[in-house]
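The chain contents come next:
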Amino acid sequence: MGTEIERKFLVDANMVDEMLEKTLFHSYMIRQGYIMEDEEKKKVTRIRTVQTFDHIGIRYNKAYLTIKQAGRFALSRTEFEYEIPYEEGKDMLCNMCDQVLTKKRTIVPYEGECANLTLVEIMNLDWEIDKFMDDALNGLTLAEVELPRPDAELTLPKWITADVTEDFALFRCQISG
């Protein structure tokens, strides 16, 4: 069992696009859908496929089954994630998910200070910037950062516009449904 501690933010998409044009960051495509959302039992089951390329252009396909604690308090949640065969993940997305989201994820190293984190903890922080490709989401761009503990104090980059960690309407399971 693991605990995911994560903050989510809306970003200024123009500023992010400008930043990403200037520097080479690792990006990959994600397709994800939700098999089951059970608010009563407070759990969400997600299927995700990932297509990525290494530094010499070799493509890697992976798939994951994730079970997360649901609920309105999103900063810290119990999470189990397992790699599954890629073809099975694709099949689950096609046959078991009502709607599938497609997004491009770009990993951007964290730059800034964190008054209450160690240097090692800061060096392990990355921004995950997700640009949704689906027409219905109209290019929505979100950034998230996984933290070593809930009380981590971040210095936010200028391209962050709002903290939406507790905004249930922007949970992945909500925007996919």
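Use the structure listed above.
Residues numbered from 1 in each chain as written. Predicted model: local features only at pLDDT ≥ 70, side-chain atom pairs only at ≥ 80, totals over all residues. Heavy atoms only, no water.

(A) How the structure looks around the nonpolar core. Formed by 20 residues in total, the largest nonpolar core has its most connected members in Leu-125, Trp-127, Ile-129, Leu-154 and Trp-159. It is strand S1 (residues 2–11) that contributes the most residues to this core, 3 residues altogether. With near-sequence residues (within four places) excluded, Leu-154 lies in contact with Arg-7, Tyr-110, Glu-113, Cys-114, Leu-125, Trp-127, Val-145 and Leu-147. Among the nonpolar cores identified, the runner-up in size contains 8 residues, and Ala-63, Tyr-86, Met-92 and Val-100 belong to it. (Core = buried A, V, L, I, M, F, W, Y, C linked by side-chain atoms within 4.5 Å. Buried < 20%, exposed > 50% of the residue type's maximum accessible area, 1.4 Å probe, protein only. Helix = DSSP H or I, 4+ residues; strand = E, 2+ residues; numbered from the N terminus. Contact = heavy atoms within 4.5 Å.)

(B) Highlighting the packing of aromatic side chains. Per the stated rule, a full pass over the model turns up 3 aromatic pairs. Relative to Trp-127, the ring of Phe-9 lies with its centre 5.5 Å away and its plane at 70 degrees, an arrangement referred to as edge-to-face. Residue Phe-9 is found in strand S1, and its partner Trp-127 is found in strand S7 (residues 126–132); the two are separated by 118 residues along the sequence. On the numbers, 5.4 Å between centres and 70 degrees between planes, the contact of Trp-127 with Trp-159 is edge-to-face. Of this pair, Trp-127 sits in strand S7 while Trp-159 is found in the loop between strand S8 (141–146) and strand S9 (160–163), placing the two residues 32 residues apart along the sequence. Following the ring pairs from residue to residue traces out a cluster consisting of Phe-9, Tyr-110, Trp-127 and Trp-159. (Phe/Tyr/Trp six-rings, centres within 6.5 Å; stacked < 30°, edge-to-face > 60°.)

(C) Looking closely at the pairing of S8. The buried fraction of S8 is high, at 5 of 6 residues. Looking at chain direction, S1 and S8 are connected through 5 bridges and run antiparallel. By the bridge assignment, Arg-7 is partnered in S8 with Val-145. Two strands pair when backbone bridges link them, and S7 and S8 are joined in this way by 5 bridges, in the antiparallel orientation. (Pairing = 2+ DSSP bridges.)

(D) Representation of the layout of surface pockets in the model. Space inside the largest pocket adds up to approximately 330 Å³. Along the wall of the largest pocket there are 21 residues; nearest its centre are Arg-46, Arg-48, Glu-81, Arg-105 and Glu-128. Among the elements that make up the lining of the largest pocket, the one with the highest residue count is strand S3 (residues 43–53) (4 residues). (1 Å grid on protein atoms, 1.4 Å probe; cavity = no way out; pocket = protein on both sides within 12 Å on 5 of 7 lines; lining within 4 Å. Points joined across faces, edges and corners; volume = space filled by probe spheres on them.)

(E) Spotlight on the side chain of Lys-103. Relative to the helices and strands, Lys-103 is located in strand S6 (residues 100–109). By relative accessible area, Lys-103 is classed as buried at 1%. Looking at Lys-103, its side chain comes within polar contact range of the side chain of Gln-32, at 3.5 Å. (Polar contact = N/O pair within 3.5 Å; in protein donor to acceptor, adjacent residues only side chain to side chain.)

(F) Here's a closer look at helix H2 (residues 86–96). Within the span of H2, buried status applies to Tyr-86, Gly-89, Met-92 and Leu-93. Taken around the axis of H2, the buried residues stretch over an arc of 120 degrees, which confines them to a single face. Exposed residues pointing more than 90 degrees away from the buried face of H2 are listed as Glu-87, Cys-94 and Asn-95. (Arc of directions from axis to C-beta.)

(G) Region of the structure containing the environment of Arg-77. With respect to the helices and strands, the residue Arg-77 is situated in strand S5 (residues 76–84). Residue classification places Arg-77 among the buried residues on the basis of a relative accessible area of 6%.

(H) Here's a closer look at the pattern of salt bridges. One pass over the structure, following the stated rule, counts 15 salt bridges. Residue Arg-46 pairs with Glu-81 through a salt bridge whose shortest N-O separation is 3.3 Å. Taken together, the positions of Arg-46 in strand S3 and Glu-81 in strand S5 put the pair 35 residues apart, joining distant regions of the chain. Taking relative accessible area as the criterion, Glu-81 reaches 40% and is therefore assigned partly exposed. With a shortest N-O distance of 3.1 Å, Asp-130 and Lys-103 are connected by a salt bridge. Of the two residues, Asp-130 sits in strand S7 while Lys-103 sits in strand S6, which places them 27 residues apart along the sequence. Here the salt bridges share partners, and the residues they tie into one network are Lys-103, Arg-105, Glu-128, Asp-130 and Glu-144. (Salt bridge = Lys/Arg side-chain N within 4 Å of Asp/Glu carboxyl O.)

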